[in-house]
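Topology and contacts: notes
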Amino acid sequence: FFKQKTAYDIRLSLVGSEMCIRDRSKAERGGAKGSKDDDDSDVDSQGRPAPPFVDVIERCKDKFGKPDDLAVLAQFVDAHAREFARIRSDDLLKSEHDLEHTRLHQQYLNLWEKEMEAFLREENVDLVDFQQQLYDALNDNFTALFEEHPHHGWVDSALAAISYEHFFKRMVAAAEAGPRRSEHK
């Protein structure tokens with residue numbers, strides 16, 4: 001769910017759904033702003049109280065810190081950096097890349113996804129709810145006009161951290177730094 005294409009697809013699939021979440025429940029039961037149903041209590045479409053909002057992104061930030069700080073990714077970089085030993089970071093501009101590097105990037109993404117899926121299971125959070133929060137953060141929903149969502153930067157950096165470009169640069173930098181003992185092992 002964190003692959004670049006998937007994130008892009010999520011954004012495309014949600015275009016046009018501009019009604020905010022709290023107004024959606026009112027609209028589903030036929031209420032509108034200013035109507036007798038317009039009160040401060042949020043209920044779901046069946047009239048039950050809506051569950052309280054859980055800021056999953058904040059919990060994710062607390063657990064993982066910066067997107068590049070995942071120990072499992074640092075271990076992966078340490079283990080595979082030697083495969084980028086004869087490459088310079090400006091080789092990223094080449095039109096073709098070694099298929100082995102693409103395969104390694106896919107493994108890197110799989111590790112990222114497994115960490116995120118485990119986190120969502122631990123937190124008992126639905127993937128769709130998490131994706132909605134990511135979408136809201138990227139699009140600065142639920143913020144004042146011209147203000148950035150408090151999680152916008154973190155979500156942007158998380159998406160950048162899993163891009164092939166970032167992966168390639170990280171691997172080349174690790175190869176240039178040479179073998180080292182990882183503090184994460």
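Attention in this report is confined to the structure presented alongside it. Bear in mind the structure is a predicted one, so any value in this text is a computation, not a measurement.

**Some points on the overall build of the protein**
If you tally the helices and strands in the protein, you get 8 helices and 0 strands. Traced from its N-terminal end to its C-terminal end, the protein shows the element sequence α-α-α-α-α-α-α-α. Sorting the 185 residues of the protein into buried and exposed places 36% on the buried side. Relative to all contacts within the protein whose residues are 6 or more apart in sequence, the contacts with residues 24 or more apart total 74%.

**Points about helix α5 (residues 99-123)**
For α5, spanning 25 residues, the distance from its first C-alpha to its last is 36 Å, which sits close to the expected 36 Å at 1.5 Å a residue. Buried within α5 are the following residues: His-101, Leu-104, His-105, Tyr-108, Leu-109, Trp-112, Glu-113, Met-116, Phe-119 and Leu-120. On its buried face, α5 is in contact with α3 (56-64), α4 (71-80), α6 (127-138), α7 (152-161) and α8 (164-177). The residue sitting at the N-terminus of α5 and contributing the capping side-chain oxygen is Asp-98; that oxygen lies 2.9 Å from the backbone nitrogen of Glu-100.

**Let's talk about the environment of Phe-84**
Here Phe-84 lies in the loop between α4 and α5. Taking the C-alpha atoms as reference points, Phe-84 and His-101, separated by 17 residues in sequence, lie 8.2 Å from one another. If sequence neighbours within four positions are ignored, Phe-84 has contacts with His-101, Leu-104, Phe-167, Phe-168, Met-171, Val-172 and Ala-175.

**A look at the packing of α3 against α6**
Two numbers describe how α3 lies on α6: the axes approach to 9 Å, and their chain directions differ by 90°. What the angle tells us is that α3 and α6 run roughly perpendicular. Contacts between α3 and α6 involve Val-56, Ile-57 and Cys-60 on the former and, on the latter, Phe-130, Gln-133, Leu-134 and Ala-137. Among the residues making up the contact of α3 with α6, the classes are represented as 6 nonpolar, 1 polar and no charged.

**Considerations on the packing of α4 against α5**
Remark: α4 packs on α5, axes separated minimally by 10 Å, with the N-to-C direction vectors making an angle of 160°. Taken as axis vectors, α4 and α5 run roughly antiparallel relative to one another. Remark: the crossing between α4 and α5 carries right-handed chirality. The segment α4 lies against α5, with Val-72, Leu-73, Phe-76, Val-77 and His-80 engaging Leu-104, Gln-107, Tyr-108, Leu-111, Trp-112 and Glu-115. When grouped by side-chain class, the residues that make up the contact of α4 with α5 number 8 nonpolar, 2 polar and 1 charged.

**Brief notes about the pattern of salt bridges**
In total, this model carries 6 salt bridges according to the counting rule given. Notably, a salt bridge pairs Glu-122 with Lys-63, separated by 3.1 Å at the nearest N-O pair. One end of the pair, Glu-122, is in helix α5; the other, Lys-63, is in helix α3, and 59 residues separate them in sequence. Note on Lys-63: relative accessible area 43%, which makes it partly exposed. As a salt-bridge pair, Glu-100 and Arg-103 come within 2.0 Å of each other at their nearest N and O atoms. Of this pair, Glu-100 and Arg-103 both sit in helix α5, 3 residues apart, which is roughly one turn of that helix.

**With respect to the packing of aromatic side chains**
Counted under the stated rule, the structure contains 7 aromatic pairs. When the centroid spacing of 5.9 Å and the interplanar angle of 85° are considered together, the rings of Phe-84 and Phe-167 count as edge-to-face. In this pair, Phe-84 sits in the loop between α4 and α5 while Phe-167 sits in helix α8, placing the two residues 83 residues apart along the sequence. The same class applies to Phe-84 as to Phe-167, namely buried. Measuring from centroid to centroid gives 5.9 Å for Phe-84 and Phe-168, while their planes differ by 75°, and the two rings are edge-to-face. Remark: Phe-168 occurs in helix α8 and Phe-84 occurs in the loop between α4 and α5; sequence separation between them is 84 residues. With respect to burial, Phe-84 and Phe-168 carry one shared label: buried. An aromatic cluster is present here, built from Phe-76, Phe-84, Tyr-108, Tyr-164, Phe-167 and Phe-168 joined pairwise through their rings.

Rules used throughout
Residues numbered from 1 in each chain as written. Predicted model: local features only at pLDDT ≥ 70, side-chain atom pairs only at ≥ 80, totals over all residues. Heavy atoms only, no water. Helix = DSSP H or I, 4+ residues; strand = E, 2+ residues; numbered from the N terminus. Buried < 20%, exposed > 50% of the residue type's maximum accessible area, 1.4 Å probe, protein only. Contact = heavy atoms within 4.5 Å. Expected span 1.5 Å × (residues − 1). Polar contact = N/O pair within 3.5 Å; in protein donor to acceptor, adjacent residues only side chain to side chain. Axes fitted to C-alpha atoms, helices over the stretch in contact; angles between N-to-C directions. Parallel < 35°, antiparallel > 145°, perpendicular 65-115°, else oblique. Nonpolar A, V, L, I, M, F, W, Y, C, P; charged D, E, K, R; others polar. Left-handed = near helix turned anticlockwise from the far one by under 90°. Salt bridge = Lys/Arg side-chain N within 4 Å of Asp/Glu carboxyl O. Phe/Tyr/Trp six-rings, centres within 6.5 Å; stacked < 30°, edge-to-face > 60°.

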